[in-house]
There are 8 protein chains.
Amino acid sequence: MTDDRQPSRILADFAELDHDRAERRGYPEAVYCEGKTPAQVGAIAAAVRDRGAPTLFTRAAADHAKAVLAEVPEAHYDQEARLLAWPAEPPERSGGPVVVVAAGTSDLPVAREALLTATYLGRACELVVDVGVAGLHRVLGRLDLLRRARVIVVVAGMDGALPSVVAGLVSAPVVAVPTSVGYGAAFGGIAPLLSMLNACSPGVAVVNIDNGYGGGHLAAQIAAVG
Amino acid sequence: MTDDRQPSRILADFAELDHDRAERRGYPEAVYCEGKTPAQVGAIAAAVRDRGAPTLFTRAAADHAKAVLAEVPEAHYDQEARLLAWPAEPPERSGGPVVVVAAGTSDLPVAREALLTATYLGRACELVVDVGVAGLHRVLGRLDLLRRARVIVVVAGMDGALPSVVAGLVSAPVVAVPTSVGYGAAFGGIAPLLSMLNACSPGVAVVNIDNGYGGGHLAAQIAAVG
Amino acid sequence: MTDDRQPSRILADFAELDHDRAERRGYPEAVYCEGKTPAQVGAIAAAVRDRGAPTLFTRAAADHAKAVLAEVPEAHYDQEARLLAWPAEPPERSGGPVVVVAAGTSDLPVAREALLTATYLGRACELVVDVGVAGLHRVLGRLDLLRRARVIVVVAGMDGALPSVVAGLVSAPVVAVPTSVGYGAAFGGIAPLLSMLNACSPGVAVVNIDNGYGGGHLAAQIAAVG
Amino acid sequence: MTDDRQPSRILADFAELDHDRAERRGYPEAVYCEGKTPAQVGAIAAAVRDRGAPTLFTRAAADHAKAVLAEVPEAHYDQEARLLAWPAEPPERSGGPVVVVAAGTSDLPVAREALLTATYLGRACELVVDVGVAGLHRVLGRLDLLRRARVIVVVAGMDGALPSVVAGLVSAPVVAVPTSVGYGAAFGGIAPLLSMLNACSPGVAVVNIDNGYGGGHLAAQIAAVG
Amino acid sequence: MTDDRQPSRILADFAELDHDRAERRGYPEAVYCEGKTPAQVGAIAAAVRDRGAPTLFTRAAADHAKAVLAEVPEAHYDQEARLLAWPAEPPERSGGPVVVVAAGTSDLPVAREALLTATYLGRACELVVDVGVAGLHRVLGRLDLLRRARVIVVVAGMDGALPSVVAGLVSAPVVAVPTSVGYGAAFGGIAPLLSMLNACSPGVAVVNIDNGYGGGHLAAQIAAVG
Amino acid sequence: MTDDRQPSRILADFAELDHDRAERRGYPEAVYCEGKTPAQVGAIAAAVRDRGAPTLFTRAAADHAKAVLAEVPEAHYDQEARLLAWPAEPPERSGGPVVVVAAGTSDLPVAREALLTATYLGRACELVVDVGVAGLHRVLGRLDLLRRARVIVVVAGMDGALPSVVAGLVSAPVVAVPTSVGYGAAFGGIAPLLSMLNACSPGVAVVNIDNGYGGGHLAAQIAAVG
Amino acid sequence: MTDDRQPSRILADFAELDHDRAERRGYPEAVYCEGKTPAQVGAIAAAVRDRGAPTLFTRAAADHAKAVLAEVPEAHYDQEARLLAWPAEPPERSGGPVVVVAAGTSDLPVAREALLTATYLGRACELVVDVGVAGLHRVLGRLDLLRRARVIVVVAGMDGALPSVVAGLVSAPVVAVPTSVGYGAAFGGIAPLLSMLNACSPGVAVVNIDNGYGGGHLAAQIAAVG
Amino acid sequence: MTDDRQPSRILADFAELDHDRAERRGYPEAVYCEGKTPAQVGAIAAAVRDRGAPTLFTRAAADHAKAVLAEVPEAHYDQEARLLAWPAEPPERSGGPVVVVAAGTSDLPVAREALLTATYLGRACELVVDVGVAGLHRVLGRLDLLRRARVIVVVAGMDGALPSVVAGLVSAPVVAVPTSVGYGAAFGGIAPLLSMLNACSPGVAVVNIDNGYGGGHLAAQIAAVG
């Protein structure tokens, strides 16, 4: 007697969407898709649509995206960032400018998740790629842009040295997002995480490994007043 | 000359089911399925049926379930909790009430394993979902229910902060089950495990990561006298 | 032939004070005293005085303080925060308000280091103490104050759960400073550090363990535009 | 200009004693002394006396004890457990019996902290010492006592194997307190902590390393209804 | 221009079989198959056959076994232990008796690897299964057998408590083999490994996690003189 | 509305190849393929070809190789080392001789990556295999070759003891490359990494786990002047 | 009211000396002094003397030794090994020869603890010092001695490579004792511990870090039949 | 009967100075003083003098230095580097130039140990201090010097980012020495160690934490041919 109906029966209860909190905090709510089934995510999307609250779906794999788009076809899905946004149109821009810097090409998906999150929270954003510390001239070549930012999100794996270098060059705060890019003694992001927590320069705010959403959200809050 | 008969030949010996212990302790015996082949689990199910001892099969994947149900078709299989119970009917309820709290949707499978385990050990149980610390009003909204419980099982991943918050609000003991929900510096459940071991509020009993069975069993023992 | 003159002979070279950087970034320079001898710190203080650049001396033990005060007697020394500031008078206040929250009494020295740092970077600051998650009513009782802040610094050891709770209640960013307060599986601050990196609520910026200076500096940068 | 008055000036604010919480939860409040100065602890003792709320002072070194006894001379100080109780007389006994087991002589201070805590929360307690798994006959020789308990607190360092063995022999829950007793790969209590979290027998509730207070408190809550 | 001939061209050089060492030490040589291709293992088998030196192939998956049996069809393959032995017939028995104990059913593959290794090194061996510490009566029920052994190999995962218990009951040395059986805070075998290194009873020799071959080899050396 | 064009649209920007750096440093540039899509790697290969700069593609799986060879068919692909070199012909040999030593057969892919990297940086290289410390006579049998080297690259997993032994026998520096070969407490290369960092003999230069490219590059730089 | 009599009052109960176990196992009992007060150790010594059971006191600091010698002046105290033996005269020699090898001078205290333990368990022992892998000729120069041993205890810190090398040269089992000698990434003995667990040569039995007593005891059991 | 003569009696045997190895390798032998008593170190100094072999004494505290200087008064002692050299005069300079870079003032003792070691191995050395990545202009201001070096030793704690930056600017190899400078999540040097192992730039050779001797020795070997 296999009872495989439990998951669906429980579905009604399982996600008391926290619209109050979103409203209270003034930013769109986020639904973390990893570890949820497409069916669960689809059901949440339907509820979101019915209530009309702006929502981001993060870590959305292709099948999550399909389930959400079936309910809210007008949502925007960014495949690389694995992010769905509903509504597709970001809010009007306010606050100060955000610059997102990716140390290497492999850091791009996380950087893009940060960029889009800050965009959907209402900030004007710019992306700079492939400016690792191994080629300082590339960092220095973007100094003007970096110094105009209200906050800079630096996304880096391996030695995680870039936030320290950038924070030494500007007076704005730096949000550091370690990535699991690298191998061996990078230990899935521990090496850059520790580097960033021990940055020589003050002004470095660290978030979780590969947490582009968190980095972008924090940056948007910091730049809320520009 | 490949001798692939060893596993089956050894089968007769390999699981001296500890009915004495179950009897001595007064609770159903449990068979941990992970790492056993479906054939091994099926053979145990047959032995269980022949002896007539109530038994739980934990961490039972679909193929384990199939093998057990082939021997004891009247067993109950909960797909989400990956738990099989034989007999399907829980014992008469005794002791005090158990409340199981899941911090997030992704913690549901573990929470459900705890809930069913306590149920099959004879307790009356209630499940509360999606009450993470990021939305305190939801925790506070369930305070009456929480304060009526003889013991509360709190299942949480990520920052694992919920047991500390709940234990500060009630006088009953809290069984804290960390989950591997989260990513990056959650390190497969280490982050919530450490949070729970360091809970600011006394009265938090910690079990292993993702160990819904252990959490439910412990809760049932605590609530044996209600 | 013991040559114990090396340390002093090298003294001339050993600290190329980075006044340019301070000027470039617009904040006082900081001298980290731990691991330096009082004599070295005293020599730096003399150089600081000669150039007239505002400077903070962090992690200054009593003998460091004595050496600095011998050179710049008008500096201010806060014994609990182990911080020396020269000049003693903070700059005129600008930007938005900073609130510093200490979860427990033992977190006070680190909280105070954050408070003074932000103060000497020009922010108006307020301190709230002993509002750990084990007594939620105390957090909730300060909600008005918390919601008026441009940024909140939360200093906590043990389970490190407070930043998650606070960030869920406000729209401002939260700077989380884990402390080494606790024992056993707190592992010198690893438990709260991991909790904070895995906070359920977005908007939590983590700095190094016991790094009150870093937390205060980051907060001052965030609140520079209020 | 050294301002060493800060600590005392702040003293008025620094410990909003949570009498409400104590009352709400029905157990004496606890003051964790480690990391507080004797002067701070003494000031808290004075406040405690003025309000008349039963209080435990844990991890109280000799100088903490002296400061407390200066304010409330009628308090009881147990030097080995580093615990002060005020009032000295435990409340009337209620609930079920608690048995505290220490695996080795070196585990005694932690075991005694658990024993006294449970006693001051109103339980009848008994202490059994030196019954490590290396000499099973000693465990087995106490089986009758163990089986009469409503809950058993097992305090063990090194391999931490005793809770698993005890939990396999009784139907009551076991509170396992790992200690930092041992050396080398015991890693300050990590080895027994992990053993206990992975106990083969269900029914083992783990608390923090060396946390005798936490273990005793949890046991008292479990045995509240006997 | 893809040069995929390198692996095969290098094949001639890649394994200078150490027959001298085998001869010098007096035991069969072992070939560790994991991380080698079936083709590489097959080529080694051919070389082994040509030289006529008794050899064990450990961690041999099905395709490794197929490749070896193609060269030396008269070899013996034990599927559960993933061990191939050539020649299939163990040497004449010498030395003292070896007893291999598996704590749980899931530890059987590793236990069997130990058993077969010791057998192929010339010892008389006996296997005891499912005698974990959660059911002490089963350990005690085998005491006679355990006390007759020259050396006991104890294979256990999870809390790894069994070697400590067994070593306290006998005067022979115990070889402890931790397994990766378990989940969560078992950390792939770290928990039982640490338990065993910190065993309360002296006389416990620890080998690597899941290293049944190493455990059996060591036992055979210890029991060489019985 | 799924926008799957982002990745390609961004492609133009995503890899500002650092030819300047390569020129400045005098060695071919390297493209790390792991974590990049074949399409991304192919686009880089096209850019490389257009600029005419010698380039190595490391960690190139079969599909990466296919994409590169489609653009630059005359490149050389070594399947075992997962390395692509363009142009296929190494530069003229200069500097001193490099010897690469692999402790075991399973270390060969990493050793070969080191060998080819040093070759494409212009050094004369020789490979020695299967000379682990368990058979010292094999190390000693190659002493002449080892002592003629300007630098020795030692690639080893498991106990990582070989670099210490080799460094004790020669006056040239030893580059130690730990590999993830081994299991259990080898922890994916941590065991040999720590051994090498703690080598008893001075003169051991450690690089990241499995980093054959890094080891070969460092060796080529050391042997640049022979 | 400070009750400082508890420790002494409890003294009668606190150490049920396990003479039965000693008798059952046939070896002297051991009292681990670290973490016990001199008074406690002295009381145990008096009990030991009264019962007449041969006993070793391990990790005995100078004040422990003084307390023991006050009770049993005829005991033998080895200051370097921190070991007290009573009676001072070892039992008659039996079994096979034990060789103890110390890799470096700093490993001597642990090596000596092993040597004396095996001696007091009745074995003939020999000590070899300063034969680390950095100077292979010294290991090779003692090959005759090593090959005559029934078991070899190898004590080593830093890279812990020596047991692997020795085990490759002999057919006897090797007991490996990692020491906390070294710094930085030796992590208090973790580096050599991991090396030894991952030894390339079979036949290596690992005990806890700095556990000379455990290593010597195990060796004596192995060599009981020579 | 306390036998405190063992240490001295054993003294004759305990350090078979490996002059052969020194001669074979062509560099002075080193005596690691930490963990040795002053008396032991003094005895070694006497032996060194009698044989006339150039020797370095590393990690020599003041009392070690006193004991050595009593035997060889003409030795040179550098207090900051804790290094003694005998003879005091370095050998004639040969090979290429070595530059030692210290990221911060607190890294000076380790940097100086590296500098002196390379000097006593015969290299011409230069020291650059306080050039951390937080102030890039200071690194760039020394570019000419850095590019003239045959090898650069970079000593850094905290984020350990400097070696990556330096290696990206030069073609010479970089020897990276992580230091235990920093606090909290620097974990005694683990953070910079991991950064360095994961350096974005190839050409970084890592040695143990705080191992200035090892870094200087390796640099001298690399620069032996300039």
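Quantities reported herein were computed from a predicted structural model and do not represent experimental measurements.

**Digging into the overall build of chain A**
Turning to step 1, where the next piece is worked out: Per the secondary structure count, chain A includes 10 helices and 10 strands.
Turning to step 2, where the next piece is worked out: The contacts of chain A with a sequence gap of at least 6 include a subset with a gap of at least 24, amounting to 69%.

**Overview of the interface of chain H and chain A**
Turning to step 1, where the next piece is worked out: On the side of chain A, 25 residues touch chain H, which itself brings 25 residues to the contact.
Turning to step 2, where the next piece is worked out: At the level of elements, α8 (162-167) and α9 (190-197) of chain H are the ones that each hand at least two residues to the side of chain H that touches chain A.
Turning to step 3, where the next piece is worked out: Per element, the largest residue contribution to the side of chain H that touches chain A is 5 residues, and it comes from α9 of chain H.
Turning to step 4, where the next piece is worked out: Grouping the constituent residues of the side of chain H that touches chain A by class yields 15 nonpolar, 9 polar and 1 charged.

**Observations regarding the relation of the copies chain H and chain A**
Turning to step 1, where the next piece is worked out: Superposing chain H onto chain A takes a rotation of 180° plus a shift of 0.0 Å along the axis, which leaves an RMSD of 0.0 Å. Expressed as an axis order, the relation between the two copies is that of a two-fold axis. Judged by C-alpha distance, A161 of chain H is the residue of chain H that lies nearest the rotation axis, at 2.5 Å.
Turning to step 2, where the next piece is worked out: Most of the interface of chain H is mirrored in chain A, where 100% of its interface residues again form contacts.

**Here's the deal with the domain arrangement of chain A**
All names here are of chain A.
Turning to step 1, where the next piece is worked out: Split by domain assignment, chain A resolves into domain 1 (6-86) and domain 2 (98-222).
Turning to step 2, where the next piece is worked out: Each of domain 1 and domain 2 was reduced to a C-alpha centroid, and the two centroids are 27 Å apart.
Turning to step 3, where the next piece is worked out: Each side of the interface is counted separately: domain 1 has 11 residues, and domain 2 has 10 residues.
Turning to step 4, where the next piece is worked out: Of all the secondary-structure elements, those providing two or more residues to the side of domain 1 that touches domain 2 are β3 (55-58) and β5 (83-86).
Turning to step 5, where the next piece is worked out: Residue composition of the side of domain 1 that touches domain 2, grouped by class: 7 nonpolar, 1 polar and 3 charged.

**A look at the environment of V131 of chain H**
All names here are of chain H.
Turning to step 1, where the next piece is worked out: Following the sequence through the fold, V131 ends up in the loop between β7 (125-129) and α6 (136-140).
Turning to step 2, where the next piece is worked out: Here the alpha-carbon distance between V131 and R142, two residues 11 residues apart in the chain, equals 9.0 Å.
Turning to step 3, where the next piece is worked out: If near-sequence neighbours (up to four positions away) are discounted, V131 is found in contact with V101, A103, R138, V139 and R142.

**A word on the pairing of strand β5 (residues 83-86) of chain E**
Within a regular strand, the side chains alternate between the two sheet faces.
Residue and element names in this part refer to chain E.
Turning to step 1, where the next piece is worked out: Burial of β5 is two-sided: the residues L83 and A85 facing one way and the residues L84 and W86 facing the other way are all buried.
Turning to step 2, where the next piece is worked out: Pairing geometry for strand β3 (residues 55-58) and β5, over 3 bridges, is antiparallel. The partner of L56 across the bridge, within β5, is A85.
Turning to step 3, where the next piece is worked out: Pairing analysis gives 3 bridges linking strand β4 (residues 76-78) to β5, with the strands arranged antiparallel. Residue Y77 lies in a different strand from β5, and its bridge partner there is L84.
Turning to step 4, where the next piece is worked out: Where β4 folds back onto β5 in an antiparallel hairpin, the turn is made up of 4 residues, including R82, whose phi is positive at roughly 50°.

**Digging into the pairing of strand β2 (residues 29-32) of chain A**
Turning to step 1, where the next piece is worked out: Here β2 of chain A pairs with β3 of chain A via 4 bridges, running parallel. Its bridge partner being in β3 of chain A, Y32 of chain A is matched across the sheet by T58 of chain A.

**Concerning the environment of A156 of chain D**
Residues and elements named next belong to chain D.
Turning to step 1, where the next piece is worked out: Considering the arrangement of structural elements, one finds A156 in strand β8 (residues 151-156).
Turning to step 2, where the next piece is worked out: Looking at A156, the number of C-beta atoms within 10 Å reads 32, which means it is buried.
Turning to step 3, where the next piece is worked out: Taking the C-alpha atoms as reference points, A156 and L108, separated by 48 residues in sequence, lie 9.3 Å from one another.
Turning to step 4, where the next piece is worked out: Other than its neighbours up to four places away in sequence, A156 contacts A103, D107, L162, P163, P178, T179 and P192.

**Observations regarding helix α3 (residues 38-51) of chain G**
All names here are of chain G.
Turning to step 1, where the next piece is worked out: Over its 14 residues, α3 runs 20 Å from end to end, which matches the ideal 20 Å to within 8%, given 1.5 Å per residue.
Turning to step 2, where the next piece is worked out: What α3 keeps buried is the set Q40, V41, G42, I44, A45 and V48.
Turning to step 3, where the next piece is worked out: Positioned one or two residues after α3, G52 has a phi angle of 80°, which is positive.

**Remarks on the UniProt feature "domain: PurE" (unreviewed entry) in chain A**
Turning to step 1, where the next piece is worked out: Mapped onto the present numbering, the UniProt feature "domain: PurE" (unreviewed entry) falls at residues 96-225 of chain A.
Turning to step 2, where the next piece is worked out: When the span residues 96-225 of chain A is considered, its composition is 38% helix and 18% strand, and the gap between its end C-alpha atoms is 6 Å.

Definitions and cut-offs
- Residues numbered from 1 in each chain as written.
- Chains lettered and ligands numbered in written order.
- Predicted model: local features only at pLDDT ≥ 70, side-chain atom pairs only at ≥ 80, totals over all residues.
- Helix = DSSP H or I, 4+ residues; strand = E, 2+ residues; numbered from the N terminus.
- Contact = placed C-beta atoms within 7 Å.
- Nonpolar A, V, L, I, M, F, W, Y, C, P; charged D, E, K, R; others polar.
- Least-squares fit on C-alpha atoms with pLDDT ≥ 70 in both.
- Domains from an automatic or database assignment.
- Buried ≥ 20, exposed ≤ 12 C-beta atoms within 10 Å, placed from the backbone.
- Pairing = 2+ DSSP bridges.
- Expected span 1.5 Å × (residues − 1).
- UniProt positions renumbered as here; feature names shortened; annotations may be inferred.

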